[in-house]
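Structure assessment
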Amino acid sequence: MSLTELAAHTSERDVQRTIATRLIYGCYPEVVTSPEYARDTLHAITNSYLYKDILLYKGLKKADVLYNLVRALALQVGSEVSYNELAGLVGVDKDTVARYLDLLEKCFVIFRLNSFSRNGRNEIKKGKKVYFYDNGVRNAVINNFAPIELRNDMGALWENMMIAERKKRNAMVGSYAQPFFWRTHDQSEVDYIEECDGIILPFEFKWSAKRKPRLPSAFCDAYGNPELQVITPENFWNFLK
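Along each chain, the written sequence defines residue order, and numbers are assigned to residues from 1. Note on the predicted model: pLDDT of at least 70 is required for a residue's local features to be given, and 80 or more for side-chain atom pairs to be given and counted; whole-chain, interface and lining totals, by contrast, use all residues. For the side-chain quantities, the full set of heavy atoms in the structure was used; hydrogens and water were omitted.

Turning our attention to the pattern of salt bridges. A pairing counts as a salt bridge when a side-chain nitrogen of Lys or Arg comes within 4 Å of a carboxyl oxygen of Asp or Glu. Counted under the stated rule, the structure contains 13 salt bridges. Here Arg112 and Asp102 are joined by a salt bridge, their closest N and O atoms 3.8 Å apart. On the criterion of sequence distance, the pair formed by Arg112 in strand β2 (residues 110–115) and Asp102 in helix α8 (residues 94–106) is long-range, its members being ten residues apart. It is possible to trace a salt-bridge network through shared partners that takes in Asp102, Glu105, Lys106 and Arg112. Under the scheme used here, helices are H or I runs from DSSP no shorter than 4 residues and strands are E runs no shorter than 2 residues, and both carry numbers assigned from the N terminus.

A word on the sheet that holds strand β7 (residues 229–231). Here a strand pair is declared whenever DSSP counts at least two bridges between the two strands. Ordered by their spatial adjacency, seven strands build an open sheet running β1-β3-β2-β4-β5-β6-β7, and the pairing between neighbours is mixed. Edge positions in the sheet fall to β1 (80–81) and β7, since each has one partner strand and no second. When strand β6 (residues 199–205) meets β7, the two strands line up parallel, connected through three bridges. Note that in β7 the partner of Phe205 across the bridge is Ile231.

Shown next, in the form of structure tokens:
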């Protein structure tokens, strides 16, 4: 389910009030309707669908590879991933990693973002980020349902949820916007970019915005100075409508 769908059944205020729960347990219908069993439900989903059904779907035999790959992706959510690095972590070649990622994407477990590059020599041109469609599944994979005050990955969880929700939103409204992230080799970055009909919209995601971020000068030099929109728990509905 999307946050917009949840709000239609309750209210935007109620969803905003319980956003911390959605960040940890996600939006699967059974999780939302029976929150007391959320952890058991998510473990059942990951153990049954994620590992058993997907392996049977393509007749895959390397269950440990799939398990270790998904776990590695969960620990790197919101970060740029290297197929070579993932291959080394799970003990297969990078072509096998690519095939498993493609399968996970087709089964709506994860999705990938490409890097945005047009002008700069220092821009990363072939990088990819990987996100999970559901935060609860991601947390079940690493078996971490700790509350927000005990976590050190709130930025990644917030970014994952917002980009996944934007993806759902764009599908529902029929948007043709193309999603990207932007980064340079010296680590200047923009979390999320949409480009549609030549218009570039940059976004940053901040769970706790102590100070307003600014676009990197390298990005402005290459693409002008579009308004940077900072998405926080206080204003995220504007991003999802």
